[in-house]
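# Observations on the three-dimensional arrangement
Listed below are the residues making up each chain.
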Amino acid sequence: MAAAPPPDGQEKVIAAAQHIVKSLASSKNAADDMIRILSGFDNRLSLMSDLFPPPPPSAAPVDSILEADEGTSQGDGDDPDEDDAVARAEARWDAAADVIERWESPAAGDALVFDSREDAEEYLAAAACVAGAPGPRADAALQAAMARLEDEFRHLLVRGAPPLAAEDLQASLLRRLSLTVPSFNSSAVDLDCPSFAQHHASAAEGGDEQQGGRSSASDDEISPYLIAPDTVSALRDIADVMLRAGYAPELCQVYGEVRRDTLMECLAVLGVDKMSLEEVQRVEWGVLDGKMKKWIQALKVVVRGLLAEERRICSQILAADPNAEEECFTEAAKGCVLQMLNFGDAIAIGKRSTEKLFRILGMYEALAEVLPELEGLFSGEAKDFIKEEAEGILARLGDAVRGTIEEFANAIQGETSRRPLPGGEIHPLTRYVMNYVRLLADYNASLNKLLECWDTELTGVDNPNMTPLGHCVLMLITHLQCKIDEKSRLYEDEALQNIFLMNNLLYIVQKVKDSELKTLLGDNWIRKRRGQIRQYSTGYLRSSWTRVLACLRDDGLPHTMGSSSQLKAALKDRFKNFNLAFEELYRTQTSWRVVDPQLREELKISISEKVLPAYRSFVGRFRGQLEGGRGSARYIKYNPDDLENQVSDFFEGRKPNA
């Protein structure tokens, strides 16, 4: 029964095999031997019964051929079978050399072996065949083959790295899925890669059909690759042949050079530039801030995406030699890692300034988070080196955090502005410090660790169980309150001092109450500061309204009965003084500003509750003494409702004469 015609795509392979067999038909066993050899390179050939006629019964079994191969160089001509095996082996080596030499001839031009799958399989089979073969021709062919494979390995590495945009690396690499990396339908040498097998098994279990070497999952579920999947298998085949031929150093050099450059280009895409310590020190803060932000974003992408993917690819390509795999990955990755770490170190040891704190904290947390994964990518001396470098930089970033907080505390205490704010409003220092301190709470876990051994004079009496960050926050807010007390004395008007203190302390309390700072400082701290605000309110009322209320008391009025001229004169003075005092307060305090609406209304209510009843009572008791007299309206200018309306204008921050 005739054999089925070979499937499409296999005809060239069969034709090449037939050509080699014909050229080697120097003994009766050549066909058998070539079937065995070619089947080892491509298992399809072992299934094609029409390639050669059935061997005669006297043909030597495969086992005997293998034994003859092992003793090829030992033949002495006494044993016909041994001589026959030597001849067959020499014929195979010559045929393999022919294939290699053909690609070195001028006729080959600049053609690449791996532009054709069939050519690649034939060439790899030939290179594997001459590896270890005796004789000058075999040595020359092996050297030529290794040089070509090295060049083609480099070419495939470069060609197989698709261009990636920053968004691809940042978004897609972080959600990497297991990629199904296709290989040639058959390998030119006996390759087995467990990771490939696992990918195929996973795909089979999931029922996904493989299309073009990629899973049938939608595009947004598949991460980008650092080397095109259809290139990985070819690289692996080349690597396997070169490694078995003893050319590991040459292979590792090529891999390290090309992949190192590729990974460095990826860093540039992510916005991580190579900068010296001097450059970091010179660059203006706005630019440096952007670079620090990109570094934080890039670090996780690099470790969890870029390097993890590189490690996976490296293990597939160099599966035949774990030592070569480690060397290649280390050479490819260390430049990328060191550039990232060097920037972190430059920031850590650079000049400290308060605006850098939160970026440094972000860098500290990012490095601490990925450090175990970064170490896990390497092994041996490389792992020890990376671990030591990264841990040293992490410690220096921690020192920079503590030092920057100290600088911030000193900056608060050293603030020297002497110009009082109009209207007693919230001081910019108060806003800056409290917003700064609130952000510290976002780094609670890290700062509690970094500040654990930090010496502080504060004992945390508000909360005996206060955390290290709580002590730090309490210290900074205490410095701020001292500075606000100092600045309140810039106001000559005692009432305005109290308005200023109320505005600023209430702002501090609200920032604490509405954030995680409340957990750090505790309810008792808030209650005490609210008590202080009430004291400031009382101080304001006393300093502003005591003179006004004194005009509405009976003390000092003549006790003459009836409508004595003395009593009328005294009452006119009292009403006149009241009007002048109230109008002066109205003129000044409507331009003052109480920022918080609730506090503003509470103060107005407090004024009304003190002044209006006293005024209403005084007018009710003495109106009759002045009514009917000449110019009485000049003295009793306001009725109680008029005063209440006037009080409603206080603390609104109106411009004078507005």
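Here is a short report on the structure shown in this document. (Residues numbered from 1 in each chain as written. Predicted model: local features only at pLDDT ≥ 70, side-chain atom pairs only at ≥ 80, totals over all residues. Heavy atoms only, no water.)

Moving on, we come to the overall build of the chain. Across its full length, the chain carries 25 helices and 0 strands. Relative to its 658 residues, the chain shows a buried fraction of 49%. Taking the contacts inside the chain whose residues are at least 6 apart along the sequence as the reference set, 79% of them involve residues at least 24 apart. (Helix = DSSP H or I, 4+ residues; strand = E, 2+ residues; numbered from the N terminus. Buried < 20%, exposed > 50% of the residue type's maximum accessible area, 1.4 Å probe, protein only. Contact = heavy atoms within 4.5 Å.)

As a further point, take the nonpolar core. Met-146, Leu-149, Phe-153, Ile-317, Tyr-540 and Trp-545 are the most contacted members of the largest nonpolar core, which has 182 residues in total. Top contributing element to this core by residue count: helix H12 (residues 285–317), with 14 residues. With sequence-adjacent residues up to four places away left out, Trp-545 is seen in contact with Tyr-540, Phe-582, Leu-585, Ile-607, Val-611 and Phe-650. (Core = buried A, V, L, I, M, F, W, Y, C linked by side-chain atoms within 4.5 Å.)

Not every positive phi belongs to a glycine, and Phe-651 is a case in point at roughly 65°. Counting through the fold element by element, Phe-651 comes out in the segment after helix H25 (640–647).

Structurally, Ser-353 can be placed in the loop between helix H13 (322–349) and helix H14 (357–377). Each C-alpha atom of the pair Ser-353 and Ile-405 lies 9.1 Å from the other, and the pair is 52 residues apart in sequence.

This brings us to the packing of aromatic side chains. Applying the stated criterion to the full structure yields 19 aromatic pairs. Ring plane angle 50° and centroid distance 6.1 Å describe the contact between Trp-545 and Phe-582, whose orientation is recorded as tilted. Of this pair, Trp-545 sits in helix H21 (residues 523–550) while Phe-582 sits in helix H22 (residues 565–589), and the two are 37 residues apart along the sequence. A relative accessible area of 1% means that Trp-545 is categorised as buried. The rings of Tyr-540, Trp-545, Phe-578, Phe-582, Tyr-586, Tyr-615, Tyr-638, Phe-650 and Phe-651 are connected pair by pair, giving a single aromatic cluster. Above the ring of Phe-329, the side-chain terminus of Arg-311 is found at 4.8 Å from the ring centroid. (Phe/Tyr/Trp six-rings, centres within 6.5 Å; stacked < 30°, edge-to-face > 60°. Lys NZ or Arg CZ within 6 Å of the ring centre and 35° of its normal.)

Below, the discussion takes up the packing of helix H23 (residues 597–626) against H25. Two packed helices can be described by the angle between their axes and the distance between those axes. Orientation of H23 relative to H25, taken along the N-to-C sense of each, is 160°, at an axis distance of 10 Å. On the basis of their axis angle, the class for H23 and H25 is roughly antiparallel. Relative to H25, H23 is oriented so that their crossing is right-handed. Between H23 and H25, the residues in contact are Lys-604, Ile-607, Ser-608, Leu-612, Tyr-615 and Arg-616 and Pro-640, Leu-643, Glu-644 and Val-647, respectively. When grouped by side-chain class, the residues that make up the contact of H23 with H25 number 6 nonpolar, 1 polar and 3 charged. (Axes fitted to C-alpha atoms, helices over the stretch in contact; angles between N-to-C directions. Parallel < 35°, antiparallel > 145°, perpendicular 65-115°, else oblique. Left-handed = near helix turned anticlockwise from the far one by under 90°. Nonpolar A, V, L, I, M, F, W, Y, C, P; charged D, E, K, R; others polar.)

We now examine the side chain of His-427. You can see His-427 is positioned in the loop between helix H15 (380–413) and helix H16 (428–440). Of the polar contacts made by the side chain of His-427, one reaches the backbone nitrogen of Leu-429; its length is 3.0 Å. (Polar contact = N/O pair within 3.5 Å; in protein donor to acceptor, adjacent residues only side chain to side chain.)

Time to look at the pattern of salt bridges. Working definition: two side chains of opposite charge can pair if their charged atoms are close together. Applying the stated rule across the entire model yields 38 salt bridges. A salt bridge links Arg-593 to Glu-425; the shortest N-O distance between them is 3.2 Å. Of this pair, Arg-593 sits in the loop between H22 and H23 while Glu-425 is found in the loop between H15 and H16, placing the two residues 168 residues apart along the sequence. Looking at Glu-425, the relative accessible area reads 26%, which means it is partly exposed. A cluster of three or more residues bridged by salt bridges with shared partners is formed by Asp-94, Asp-98, Glu-101 and Arg-137. (Salt bridge = Lys/Arg side-chain N within 4 Å of Asp/Glu carboxyl O.)

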